[in-house]
Amino acid sequence: GDLSVDREVHSVCPYCGVGCQLTYQIKDERIVAVQGRDGPANQGRLCVKGRFGFDYVHHAGRLTTPLIRKAGVPKLASDAERQGDWREVFREATWEEALDFAAGGLKRLRDQHGLKALAGFGSAKGSNEEAYLFQKLVRTGFGSNNVDHCTRLCHASSVAALLEGVGSGAVSNPAIDVTEAELILVIGSNPTSNHPVAATWMKNAAQRGAKIVLADPRRTDIARHAWRTLQFRPDTDVAMVNAMLHTIIEEDLVDQAFVRERTTHFEELKATVAAYSPERMAPICGIPAETLREVARAFATAKSAMVLWGMGVSQHVHGTDNARCLIALVAITGQIGKPGSGLHPLRGQNNVQGASDAGLIPMMFPNYQRVNNPEAHAWFEQFWGQPLDATPGYTVTEILKKAVAPASDPHKVWGMYVEGENPAMSDPDLNHARAALAALEHLVVQDIFMTETAWLADVILPASAWPEKTGTVTNTDRTVQMGRRALNPPGQARQDLWIIQQIAQRMGLNWHYPGPESGVAAVYEEMRQAMHGVIAGVSWQRLERDSAVTYPCLSEDDPGHPIVFIDHFPTPDGKLRLVPADIIPAAEKPDDDYPFVLITGRQLEHWHTGSMTRRTEVLDALEPQPTASLNGADLQRLGVQPGQALTVASRRGQITLTARRDDGTPPGTVFIPFAYTEAAANLLTNAALDPFGKIPEFKYCAVKVMRA
Ligand code: SF4
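Every value quoted in this text rests on a predicted model; they were computed, and no experiment measured them. Residue positions are given per chain, counting from 1 as you read along its sequence in written order. Where totals are concerned, whole chains, interfaces and linings use all residues; where local detail is concerned, this predicted model gives features only for residues with pLDDT of at least 70, and gives and counts side-chain atom pairs only at 80 or more. Excluded from the side-chain calculations are hydrogens and water; all other atoms, namely the structure's heavy atoms, are used.

### Looking at the sheet that holds strand E18 (residues 459–462)
Here a strand pair is declared whenever DSSP counts at least two bridges between the two strands. Put simply, DSSP marks the helices as runs of H or I at least four residues long and the strands as runs of E at least two long, and each gets a number from the N terminus on. Taken in spatial order, the seven strands make up an open sheet running E5-E4-E18-E17-E16-E6-E7, and their pairing is mixed. Pairing within the sheet leaves two strands with one partner each, and these edge strands are strand E5 (90–92) and strand E7 (147–148). Pairing between strand E16 (residues 415–419) and strand E17 (residues 442–447): five bridges, direction parallel. Residue Met416 lies in a different strand from E17, and its bridge partner there is Leu443. Should any heavy atoms of two residues lie within 4.5 Å, those residues are counted as being in contact. Interaxial angle, 0 to 180 degrees, is taken between N-to-C directions of lines fitted to C-alpha atoms, where a helix line uses only the stretch in contact. On top of the sheet, helix H19 (residues 496–506) reaches E16, E17 and E18; it is set at about 160° to E16, its chief contact.

### Re the packing of aromatic side chains
Any two of the Phe, Tyr and Trp rings considered here, Trp counted by its six-membered ring, make a pair once their centres fall within 6.5 Å; the pair's planes then place it as stacked at under 30 degrees, edge-to-face at over 60, or tilted in between. Following the criterion strictly, the structure yields 15 aromatic pairs and no others. Between Trp379 and Phe380, the aromatic rings sit 4.8 Å apart at their centres with planes inclined by 70°, giving edge-to-face as the arrangement. The exposure class of Phe380 is buried, given its relative accessible area of 0%. Through a chain of ring-to-ring contacts, the aromatic side chains of Tyr132, Phe365, Trp379, Phe380, Phe383 and Trp384 assemble into a single cluster. For a lysine, the NZ atom is tested; for an arginine, the CZ atom; a charge sits over a ring if that atom is within 6 Å of the ring centre and within 35 degrees of the ring normal. Against the face of Trp498 rests Arg494, its NZ or CZ located 3.9 Å from the ring centre. We call a residue buried when its accessible area falls under 20% of the maximum for its residue type, exposed when it is over 50%, and partly exposed in between, using a 1.4 Å probe and counting protein chains only.

### Details of the nonpolar core
Core analysis: the biggest nonpolar cluster contains 108 residues, and Tyr24, Tyr56, Leu137, Ile184, Tyr417, Ile503 and Ile535 have the highest contact counts within it. Discounting residues that sit within four places of it in the chain, Tyr56 has contacts with Pro14, Tyr15, Arg62, Ile448, Phe449, Ala465, Trp466, Pro467, Met612, Arg615 and Thr616. Formed by 57 residues, the second largest nonpolar core is a distinct cluster that contains Ala215, Phe232, Ile327 and Ile332. We define a nonpolar core as any set of buried Ala, Val, Leu, Ile, Met, Phe, Trp, Tyr and Cys residues linked to one another through side-chain atoms lying within 4.5 Å.

### Observations regarding the layout of surface pockets
Empty space within the largest pocket amounts to approximately 840 Å³. Here a cavity denotes a set of grid points, spaced 1 Å apart and computed over the protein atoms alone, in which a 1.4 Å probe fits but from which it cannot get out, and a pocket denotes an open set meeting protein on both sides within 12 Å along at least five of seven lines; residues with an atom within 4 Å of a point are reported as lining. Lining the largest pocket are 34 residues, with Leu163, Gly167, Ser168, Pro570 and Thr571 sitting closest to its centre. Sorting the residues of the lining of the largest pocket by element identifies helix H4 (156–165), helix H14 (352–357) and strand E15 (369–370) as the ones contributing at least two each. Residues are sorted three ways: Asp, Glu, Lys and Arg are charged, Ala, Val, Leu, Ile, Met, Phe, Trp, Tyr, Cys and Pro are nonpolar, and all the rest, Gly among them, are polar. Partitioned by chemical class, the residues of the lining of the largest pocket number 15 nonpolar, 11 polar and eight charged. Along the walls of the second largest pocket sit 20 residues, with Gln83, Met450, Glu452, Arg615 and Thr677 positioned nearest its centre. Grid points are joined across faces, edges and corners, and a volume is the space filled by probe spheres set on the points.

Below, the structure is given as structure tokens:
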């Protein structure tokens, strides 16, 4: 065959937060192949999603024309489960009509019900520029801070603990720094599936002698490379890490100089963890006391030790406490501020770091400036030339609760603009979330596919896939990278940045961002100013030239700083604040009726709600159907063979899917990926929230499992 290509375009992978650089090969306006590029996070490597995960862009189901719900077609929560022909529900419209209808409906509700009547969900899968403009639209056009995105469902608790403890929500060291570490603690994370290229650096480190400690209720692939695997009971993270802190203090392994000079509140931590001896915690977390002591000693005495964590830590009602314990672990051992050490919450989406930095969160303006801080508030009012709300907005889950509030509630949410998110699949307790979306008087959805959320919309705006636009994204390592347009959007689909600006103008905002690609460079430069110096040295031209710069980067000649906190923390007193945590149990424990623990998550081949990867030929062929993973002993007890159908039910819903044997999943637990619309795991999950990060407890609820 003809192996020639028409052109090559350098960009970044749109899937996980590792942020691998890649090169699209284009022939006849199609991506025919993708190759790894020598980026700082991947050095030429790609996983299966980055290599084979792009034909969704050319899928026949792409939205190519604006759609308006037909008059008289009622909105039902069950619409989210619809498949097939949208013509029964929607009619085609021109852009002019659809934009007028979308913005007109939002404006009407704002004028009728006040400035709290509207909310917006932006996206961690869009660019920094889209995130920045979207939050600016909500704050200056809708009139409130009711703007959020999927960081709420991901690392909101980690960020809450990090902001409180170290003064910055970002990582201290890049993931590739594991190659410098003597000990690597991987906790609540399955990197082989979820951050695959980062996992390759861990495996390389193990090969050259680094000790990997995997701490997770599931014995996942990385255990094959681990020095010790701590398969602790689900929900006992605080007990386990407190037992390590206890050991380090009791056995005099504390880095006294570091604690004295760089931290505060050590005595409070010491008093709390005094009650958590490994001997007392061993029966709670299911790990022998001697193993807990051995790992604690190894962590404290390693020349360099690094902690990487995922949703297994963050998605609990005690997610913030889990992260507090991990911060304390690196702090009292002095394992931060040097190569191969520190704290790395592995970011899920490709731009969840950047979208959060850009202010796509309800309590903070760009660069984590609190909306209720008078100084920050005044600065942004002046910068944007608009009066701004000084009260924090509602989070993702709170917004959906407010959508079903009584009409008398002055903070009821009546209308929403959802850009590139799919809450009808990603939120906990989906029956409730879908009913809330259906109850909205006006729902504007901007997406590339007919997602479960789009089926509930009043108007759908067809948007651009990642290879169809130019923009920047910020990966888990704080590296800002340039994504470049390789294709044009299909049909009448338009770039997201253009759509957001069209809505803004129709809401009365006088925005002008001149230049090619919907003014993306001008938006970036405005965002750079709003970021208060953090990316001062990262000009658009520099990114065009270098493709990647790691912040903080204060001037054009500053090379950027992959490792931070070397001599101080960005807290008011420059010190790390230790915050002790006690055990808070999961919101819903198993009982006789619902005896199993459900853990939800992702798998290597599918991405989040599946809207992209389920429409990708290779990835869907590898994992074509929803599965529930159970221990072989449990399957035997249930009388179910792998491959047979199972029903899994919680107090909130039930799904039927295929049994898979996985002896790494401990007895009494079931693991289900949340990517499958035909068996949506989030119909089962519990919406109970962590009080600090407001993150739902996706990693723990009670279910029963039956033969279907
Ligand atoms: Fe993309 Fe993440 Fe895979 Fe890299 S590791 S290719 S960023 S999905």
